[in-house]
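Residues per chain are reported as follows:
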Amino acid sequence: MNKQRRTIEELRSQRWYNSQDMRGFAHRQRTQQMGLRREEFMGKPVVGIINTWSDLSPCHAHLRDRADAVKRAVWAAGGYPVELPALSLGEVLVKPTTMLYRNFLAMEAEELLRSHPIDGVVLLGGCDKTTPALLMGAISMNIPAIFCPAGPMLNGKWKGQTLGAGTHTRKYWDELRSGNISQDDWVDLESRMTRSNGTCNTMGTASTMTSIVDTMGLTLPGASSIPASDAAHIRMASSCGSRVIEMIWEDLKPSDILTRANFLNGAKCYMALGGSTNAAIHLIALARRANVKLTLDDLDAVAREIPVLTNIFPSGQYLMEDFYYAGGLPALLTQLVDHLDLTTKSVSGRTLKEDLEGAECYNNDVIRSLDNPVCEGAALAVLRGNLAPRGAVIKPSSADPKLVKHRGRAIVFENHADMVARIDNPELDVNADSVLVLRQAGPRGAPGMPEWGALPIPKKLLAQGVRDMVRLSDARMSGTHYGTCVLHIAPESAVGGPLALVRDGDEIELDVAARRLELLVDAKELDARRQNWRAPSPRIDRGYTALFQEHVTQADMGCDFDILQGGQRQGEPEIF
Ligand code: FES
Ligand code: MG
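The shown structure was predicted, so the numbers you read here are calculated from the model rather than taken from an experiment.

*Asks:* Sorry if this is basic, but what is going on with the overall build of the protein chain here?
*Replies:* When helices and strands are counted, the protein chain shows 21 helices and 14 strands. For 576 residues, the compact-globule estimate of 2.2 N^0.38 gives 25 Å, and the C-alpha radius of gyration of the protein chain, at 24 Å, lies within 12% of that figure. The C-alpha extent of the protein chain, read off along each of the three principal axes, is 75 × 55 × 45 Å. The buried share among the 576 residues of the protein chain stands at 56%.

*Asks:* Looking at this structure, how should I read the UniProt feature "domain: Dihydroxy-acid/6-phosphogluconate dehydratase N-terminal" (unreviewed entry) in the protein chain?
*Replies:* Residues given the UniProt feature "domain: Dihydroxy-acid/6-phosphogluconate dehydratase N-terminal" (unreviewed entry) here are residues 44-354. The span residues 44-354 shows a helical share of 49% and a strand share of 9%, and its end C-alpha atoms are spaced 30 Å apart.

*Asks:* Before we go on, may I ask you to explain the pairing of strand β2 (residues 80-85) in this structure?
*Replies:* As a general feature of sheets, a regular strand has side chains that alternate between the two faces. One ladder, built from six bridges, connects strand β1 (residues 46-51) with β2; its direction is parallel. Pairing of Val46 across the sheet is with Tyr80, part of β2. At this point the chain moves from β1, through helix α4 (residues 63-76), to the parallel β2, and the crossover so formed is right-handed.

*Asks:* Before we go on, may I ask you to explain the environment of Glu357 in this structure?
*Replies:* You can see Glu357 is positioned in the loop between α17 (352-355) and β7 (381-385). Judged by the 11 C-beta atoms lying within 10 Å of it, Glu357 falls in the exposed class. With 27 residues separating them along the chain, Glu357 and Pro330 place their C-alpha atoms 8.9 Å apart.

*Asks:* So what exactly am I meant to see when it comes to the packing of helix α5 (residues 99-115) against helix α6 (residues 130-141) here?
*Replies:* The description of two helices packed together rests on the angle between their axes and the distance between the axes. Look at α5 against α6: their axes get within 7 Å of each other, and the N-to-C directions meet at 40°. The angle between the axes of α5 and α6 places the two elements in the oblique class. The chirality of how α5 crosses α6 is right-handed. Only Thr130, Pro132, Ala133, Leu134, Met136, Gly137, Ala138, Ser140 and Met141 of α6 make contact with α5, whose side of the interface consists of Arg102, Leu105, Ala106, Met107, Glu108, Ala109, Glu110, Leu113 and Arg114.

*Asks:* Help me understand the sheet that holds β2 in this model?
*Replies:* As a general point, the strands of a sheet are linked pairwise by backbone hydrogen bonds and lie either parallel or antiparallel. Reading across from one edge, β2-β1-β3-β4 is the order of the four strands in this open sheet, with parallel pairing throughout. This sheet does not close on itself; its edge strands, each paired only once, are β2 and β4 (145-149). Averaged over neighbouring strand pairs, the angle between their axes works out to 20° when direction is ignored. The pairing of β1 with strand β3 (residues 120-125) spans five bridges and is classified as parallel. Residue pairing for β3: Gly48 is matched across the bridge by Val121.

*Asks:* How should the nonpolar core be read in this particular structure?
*Replies:* A general feature of soluble globular proteins is that nonpolar side chains tend to end up buried together. Val122 and Leu123 are the most contacted members of the largest nonpolar core, which has 174 residues in total. A total of nine residues in this core trace back to one element, the largest contributor, which is α5. Those residues within four positions of Leu123 in sequence are excluded, and the remaining contacts are Ile50, Leu134, Leu135, Ala138, Ala145, Phe147 and Cys148.

*Asks:* Is there a simple way to explain the UniProt feature "domain: Dihydroxy-acid/6-phosphogluconate dehydratase C-terminal" (unreviewed entry) in the protein chain in this structure?
*Replies:* UniProt records the feature "domain: Dihydroxy-acid/6-phosphogluconate dehydratase C-terminal" (unreviewed entry) at residues 365-559, using the numbering of this structure. Split by type, residues 365-559 is 16% helix and 21% strand. Its first and last C-alpha atoms lie 36 Å apart.

*Asks:* How should I be thinking about the pairing of β3 in this particular structure?
*Replies:* The buried fraction of β3 is high, at six of six residues. Residues Gly120, Val122 and Leu124 point to one face of β3 and Val121, Leu123 and Gly125 to the other, with burial holding for every one of them. Regarding the hand of the β-α-β motif, the stretch spanning β3, α6 and β4 is right-handed.

*Asks:* I keep staring at the environment of Pro458 and nothing clicks. Help me out?
*Replies:* Inspection of the secondary structure assignment puts Pro458 in the loop between β10 (435-438) and α19 (459-463). When the 23 C-beta atoms within 10 Å are taken as the criterion, Pro458 is described as buried. Put simply, Pro458 and Asp424 are 34 residues apart on the chain and 5.0 Å apart in space, counted from C-alpha to C-alpha. Apart from residues lying up to four places away in sequence, Pro458 is in contact with Ile423, Asp424, Leu428 and Val430.

*Asks:* Would you take a moment to explain unusual backbone geometry for this structure?
*Replies:* Working note: non-glycine residues mostly have negative phi, and peptide bonds are mostly trans. Geometrically, the link from Lys95 to Pro96 is a cis peptide bond, its omega value of 0° lying close to zero. As for its position among the elements, Pro96 is in the loop between β2 and α5. In this structure, the amide linkage connecting Phe313 to the following residue, Pro314, adopts the cis form with an omega of 5°. On the secondary structure map, Pro314 appears in the loop between α14 (296-305) and α15 (320-325). For Lys159, which is not glycine, the phi dihedral falls at a positive 45°. Here Lys159 lies in the loop between β5 (156-158) and β6 (161-163). Classification of Lys159 by C-beta neighbours within 10 Å gives exposed; the count is 9. At Asp251, a residue that is not glycine, the phi angle is positive and equals roughly 55°. Of note, Asp251 is situated in the loop between α10 (231-250) and α11 (254-257).

*Asks:* So what exactly am I meant to see when it comes to the packing of α4 against α10 here?
*Replies:* Running from amino to carboxyl end, α4 crosses α10 at an angle of 40°, the nearest separation of the two axes being 7 Å. As summarised for this structure, α4 and α10 are arranged oblique, according to the angle between their axes. Every pair of crossing elements has a handedness; the one defined by α4 and α10 is right-handed. Across the interface between the two elements, Arg66, Ala69, Val70, Lys71, Arg72, Ala73, Val74 and Ala76 from α4 touch Ile234, Ala237, Ser238, Ser239, Cys240, Gly241, Ser242 and Ile245 from α10. Each residue belonging to the contact of α4 with α10 can be placed in one class, and the counts come to nine nonpolar, four polar and three charged.

About the thresholds
Residues numbered from 1 in each chain as written. Chains lettered and ligands numbered in written order. Predicted model: local features only at pLDDT ≥ 70, side-chain atom pairs only at ≥ 80, totals over all residues. Helix = DSSP H or I, 4+ residues; strand = E, 2+ residues; numbered from the N terminus. Rg over C-alpha atoms; globule rule 2.2 N^0.38 Å. Buried ≥ 20, exposed ≤ 12 C-beta atoms within 10 Å, placed from the backbone. UniProt positions renumbered as here; feature names shortened; annotations may be inferred. Pairing = 2+ DSSP bridges. Right-handed = clockwise from strand over helix to strand, strands pointing away. Axes fitted to C-alpha atoms, helices over the stretch in contact; angles between N-to-C directions. Parallel < 35°, antiparallel > 145°, perpendicular 65-115°, else oblique. Left-handed = near helix turned anticlockwise from the far one by under 90°. Contact = placed C-beta atoms within 7 Å. Core = buried A, V, L, I, M, F, W, Y, C linked by C-beta atoms within 7 Å. Nonpolar A, V, L, I, M, F, W, Y, C, P; charged D, E, K, R; others polar.

In structure tokens, the structure reads:
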């Protein structure tokens, strides 16, 4: 990056602070109203700290303190830090699904940066959707930006066993329903599974996404693996503050960092992590913001190349704390050097090769080498066929190997409420070979594409010992869950995708190795059903949700709003 260092006069904040008209007076006056002396903010780069802390966001409980660490470093480096609260998407407590609000936070981040005197930004987030959302906004705004990941929580412990957030919730829920643990055990588990600040300790969407954007160069190198409650995490936040000041002088923006190679490196990391299927949506959304071409087929090609090397739940046996002690993300990336483009740049201003210098693996069971992968199946497979013309995804590494080639009869649930009402009914005509089908669960239909894709196993089958079945939907699945679940079917049922045409008893064939998903009903019959199909009317007709339903794209396009993709730059606001 042989750009000239910028001068203070060239920074966008100076349009607010250094103007000699009446408005400039008002900007300086109102800043002094908050008790700042003129010399504390005049002539300094302004660093925004977008904070997704809230009292309802347990994974981000420590981010209020981390903002202080960032501020401390910004002051010390000669900047003026300003903290901006933003929508906090705590995965578990936000209903109906945080995915409905990912684009809201992305828009908010972009507009917060555009409308205020900000020269560079540190983005505080990490719980699932917050990572793509904040970065989608920052990429569109294209000012110097560092993502400061919230960091994973510590390992959960119960009765001598190690517990992973999410993964074990579902596991013990099934054990409770089948009578293998007591109600007292279940209550006890509530306080044992998630015992510190930070994001899920499994390889859920949070650690998948923070590790991917770390690989892509959008965090300080290796930042994503540091546990939230480690003192190193506070020092990392502080380093974000000092580094972003340098990036402002260097004019190092997302567009100077992000190329297709960064995204492919991110995808390789995703597969080596055995990461969450949600990443397939978020990576494409991020790429489209950066004007980089990235498709589901690119991800499938990478998944065929890179096996799962990270031995973490739900694909493996360890947790994020173990990953950090094993050397963390830099140690994982050293296993992949022959597959990565090492010339990509990061926020550090260095290349990936330089960022990885000195990285070492300290536990080759937690972080495997390419000749000793964690499992047979890849982290992702992209399926096509007459049921998914624009694609669907499955995570073979967390599916039952006996089910990845399967033919069975459909049991169709019209929507989530129908599924909840009937799934445990002893009269339900279901057996272990049935294919459970859920519709009206996609981006528009639900709306917001909730994590309903791991449909529960019917109680009567659980009692027979059945733990996995083939399940199909236009929904997503939590990264911490497992099962032979075909997800993100596109186009979704609500817009007339073939999923809308499936009927009880139809035969469905899944063949993951051949990347096929077929509804074995002849084309003539399907045409007749299509003629009779009527689009359901939108369930909500006001406010943000109405906007969402109108503008959201399908899963293969990243579920971004059509009006936000493609890196359209809105330009700077008028100041008057
Ligand atoms: Fe926040 Fe899992 S609930 S990361
Ligand atoms: Mg999740």
